[in-house]
Structure formats: C-alpha cells, structure tokens
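Here are the chains, one letter per residue:
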Amino acid sequence: MSGDTTLVDTVNASQSRQVFWDRDVYDLEIERIFSRAWLMLGHKSLLPKPGDFITTYMAEDKIILSHQSDGTFRAFINSCTHRGNQICHADSGNAKAFVCNYHGWVYGQDGSLVDVPLESRCYHNKLDKQELAAKSVRVETYKGFIFGCHDPEAPSLEDYLGEFRFYLDTIWEGGGAGLELLGPPMKSLLHCNWKVPAENFVGDGYHVGWTHAAALGQIGGPFAGLAGNRADIPFDDLGLQFTTRHGHGFGLVDNAAAGIHRKGDGWNKYLEDTRGEVRRKFGADRERLYVGHWNGGIFPNCSFLYGTNTFKIWHPRGPHEIEVWTYTMVPSDADPATKSAIQREATRTFGTAGTLESDDGENMSSATYVNRGVITRDGMMNSTMGVGYEGPHPVYPGIVGISFIGETSYRGFYRFWKEMIDAPDWASVKANDDNWDSVFTNRNFW
Ligand code: UNU
Ligand code: FES
Ligand code: FE
C-alpha cells in the first residue's frame, strides 16, 4: 500500500475505519509516521546523572537513551550488531557500558562498539568496530523533554513542535522551573489501535461528561457540572480547543487545572503562587492557559492531561494493541510533598487502574475490535463537531475552536496524519503544509 488519500476525508471530516484495523495501514504508519516524526523518549529528570540510562521504544523498535559524560543525551537501537540480541534488558540504571548477554560485545554509553571478546584471536584484527556501532537515533531536547527521530531529513525538534511551543512554553516553562516527569512509568497493555487514545486525548472533550459521568460525580469540583451532559452546561464558555500545523493540539477547560484532583491543595497553591510570574512572562492570555485543564497530544503518540498531570506514551504493538506508559508530570521546583500528592492523584485517576483510565479502556478496545466485522469496517467515522465554529485567532496560534467540546483538534490530528501518510519525504510534507490551515474554512470566525 502506498499513500492513500481516501483514508481521511478532510473536507467532510471523516476517517475510514480501516485506520483502526488494517495491517497495511499500520505498516504504512510505521514507515511514514513513526520512522520520520519526532517521538517522545522522556524527560531528563528520568536520567539526571551522567551514565544514567532508560530503555524505551520508538514504535516497536527498542531504544537505549543514555546520559553522556558531556551532559548530552544519545539514543541508539537496543539490538546488538553481532547477531541481533537485545543489548540491555534493564528498564533503567547507571552504566559505564552495555555488555551484550549473548557473546559479550561491549557498547559505550554512546552506542559505539568498544570491546569484542577475543577480538584479535577470533577476528584476526579484521573487525571494523566503528562500522559496528549500535544504530544511532537523532536526539533533541525541548525544555528538558527528550525526543528521538530516525529521519535525517526531518526538521529540527523546535520546527516540528512549531507554533505548539507557544502553548507548551506556558506549562513546560511556566512560572517556575517548569515541569518534569516522575517515573518509572506504569506499564499496561490495552487492546486497541494507538490512534484511539491519541485522538481521544488530543481532541475529545465530548466524552468527558458521558464516559466519565460517574467518576466526575464522585470527584465533584469544576468538572462535576459536566457529569451526564446536563442541559445547563455552558458549552461555549467552558474553554477552547486548539490544533497546530503538525497535528499537535489540546482542549482547554478554563480555571480547572487541578479539577480532577480531589486533594489538589498543594498543586492549587503552587499554581496560585506562580501564575503571577506566568502573567508577567507570557501575558494574561497565556496565564489563562496555565490555570486551565488541558487534554493534549504531541503528534503522533504522546498524550497528556495538564492539571491532572498524567503523561502517556502509547507504544504501538501491531494494529490492535498498545503498551501504555504512564508517567506523572510535576513542577520541578515544587516541594516533595506536593510532587508526591500530585503523583498520587494522577495515579488514582489516570494510572493503570485509575478511576477515569478504566472508564476509557473499554471504549478504546471496542472502537478497535468492532472493526473485525468486514461490513462494519467498510464504513467511515465522523468528526464534524464544530466545523465552521473555528478559525485563526487574534491571540492564539494555529486554529482555535469555539469550545472545549468540539472536534477541531481531531480534524487537525487526522489532517497531519494524512499529510505524513501521503508524503514521500519531509520536503513534500513541508511544501504541502505551508497552507495547512486552509481546510479550516471559516477565516473570520474569531
Ligand atoms: O478523559 C479525558 N481525556 C479528560 C478528562 C479530559 C479533560 C478532563 C478530564
Ligand atoms: Fe460516539 Fe458511540 S457515541 S462512539
Ligand atoms: Fe477519558
């Protein structure tokens, strides 16, 4: 299969159900999206000292991410160049070198092949160790978050994040030292296509009051009014939603940052203590974002809820399964008690067995596996909510939709998904993308 524009209809805002099911589509995604986009590897707080490493995935490729003695980060494929065995089996640690378990080849912290047992005897000094370094991955960081990319033609990480940095800066820098991740991650399997949670987090304000009705009723606070989609919800005044050029986006619920945290006192106090600095640095329009709750996504497979402060990477495992990795985002300069309180509440709500996490899981599998039916699979899915009630905004970059409840960021996610699936290389992504927002037609909405 090659790039196929019929999978996503950006004019009618619909997507083929094959995007959740077909092996061919999945293989194409791996080749055209996961092998070319910047993927989230972690945050430097997870490997703070030289020699620290974590192992992770880029799609189904196993990766070692390691903190070098010069303070930079390097990533390389976690597979031995001798007979292919996995080099490192630990989740994390501190190592001067990585020794393959099979025949003992030794890799340095940067993935170079530094030692081979019995080298001169067995290989008669004919082994080119330089050639046999573990395959390296481009690594760039933004505000402490570390990304990897396989494609030398890809734009810089800063360009890839693009105008989404306007938004990320307000939280990843914030009014203090910014955010970091607490690990190790919780890990679980979900039987679903990776895009079901990715689209949900980037743009699904609609399910919140319905799927999570019971949990929101229990939690109370600013989200309680959404429970059961009560008729008196102020739909257009709940917040906004945003999409940007490379498919990154989020939904905002105003003044609700800690709203999912039943015991959010320390976190609320932190936000109150620092919002003035955010206003000074970034202005009132971004202070508004700082004290709101976000459901967000960094294209393709990293999602987070700012405020709730859960942080997810959806590692694909074939078309119908994912490994969910769940970290907690916390302000780096919060006191330890506040950090652990945030982690506890994030885990209680969106950890593996979290009250809201498990609300979502059943829908994720159902929306995937229902497409086992060949007649079912032939159909399309609809994401037309709020078409026309969105457009370029005088203050906020990208395309801004009228309400938290809408599908603007869904449409942005699939627009860029299609863009990457169809484009043979990054040069065409760039060229085709210059007027990316023309599919959002209401130029004078705001
Ligand atoms: O379930 C979610 N994605 C969500 C929950 C989003 C916003 C608030 C609460
Ligand atoms: Fe949206 Fe059924 S109501 S998937
Ligand atoms: Fe949900």
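That block above? That's the structure.
Conventions we followed
Residues numbered from 1 in each chain as written. Chains lettered and ligands numbered in written order. Predicted model: local features only at pLDDT ≥ 70, side-chain atom pairs only at ≥ 80, totals over all residues. Heavy atoms only, no water. Helix = DSSP H or I, 4+ residues; strand = E, 2+ residues; numbered from the N terminus. Contact = heavy atoms within 4.5 Å. Axes fitted to C-alpha atoms, helices over the stretch in contact; angles between N-to-C directions. Parallel < 35°, antiparallel > 145°, perpendicular 65-115°, else oblique. Left-handed = near helix turned anticlockwise from the far one by under 90°. Nonpolar A, V, L, I, M, F, W, Y, C, P; charged D, E, K, R; others polar. Pairing = 2+ DSSP bridges. Donors = N, O, S within 2.8 Å, 3.2 Å for Na, K, Ca; no water. Buried < 20%, exposed > 50% of the residue type's maximum accessible area, 1.4 Å probe, protein only.

1. Description of the environment of H393
With respect to the helices and strands, the residue H393 is situated in the loop between strand 21 (390-391) and strand 22 (399-401). The spatial distance from the C-alpha of H393 to the C-alpha of W446 is 5.7 Å, given a sequence separation of 53 residues. The residues contacting H393, other than those within four sequence positions of it, are G398, V400 and W446.

2. Comments concerning the packing of helix 6 (residues 195-203) against helix 12 (residues 355-369)
Running from N to C, helix 6 and helix 12 cross one another at 125°; their axes reach a closest spacing of 9 Å. Viewed along their axes, helix 6 and helix 12 adopt a mutual orientation that is oblique. As helix 6 runs across helix 12, the sense of the crossing is right-handed. On helix 12, the residues touching V196, P197 and N200 of helix 6 are D360, M364, A367 and T368. When its residues are assigned to classes, the contact of helix 6 with helix 12 shows four nonpolar, two polar and one charged.

3. Observations concerning the side chain of S188
Secondary-structure assignment places S188 in strand 13 (residues 179-190). Among all residues touching S188, those that are not within four sequence positions of it are I322, E323, V324 and T352.

4. Some words on the sheet that holds strand 1 (residues 8-9)
Strand order across the open sheet formed by three strands is 1-2-20, with antiparallel pairing between neighbours. At either end of the open sheet lies a strand with only one pairing partner, and these are strand 1 and strand 20 (380-382). Here strand 1 pairs with strand 2 (residues 14-16) via two bridges, running antiparallel. Opposite V8, over in strand 2, you have Q15 as the bridge partner.

5. Here we look at the pairing of strand 11 (residues 136-142)
Across two bridges, strand 6 (residues 73-77) lies against strand 11 in antiparallel orientation. The residue of strand 11 that forms the bridge with F76 is S136. In terms of strand pairing, strand 11 meets strand 12 (residues 145-149) through five bridges, oriented antiparallel. The residue of strand 12 that forms the bridge with R138 is C149. Linking strand 11 back to strand 12 in an antiparallel pair, the connection comprises two residues, with K143 at a positive phi of about 50°.

6. Overview of the coordination of the iron ion (ligand 3)
Protein ligation of the iron ion (ligand 3) involves H207 (NE2), H212 (NE2), D360 (OD) and D360 (OD), the donor distances falling in the range 2.1 to 2.3 Å. Spacing between the donor residues of the iron ion (ligand 3) along their common chain follows H-x4-H-x147-D. With respect to burial, H207 and H212 carry one shared label: buried.

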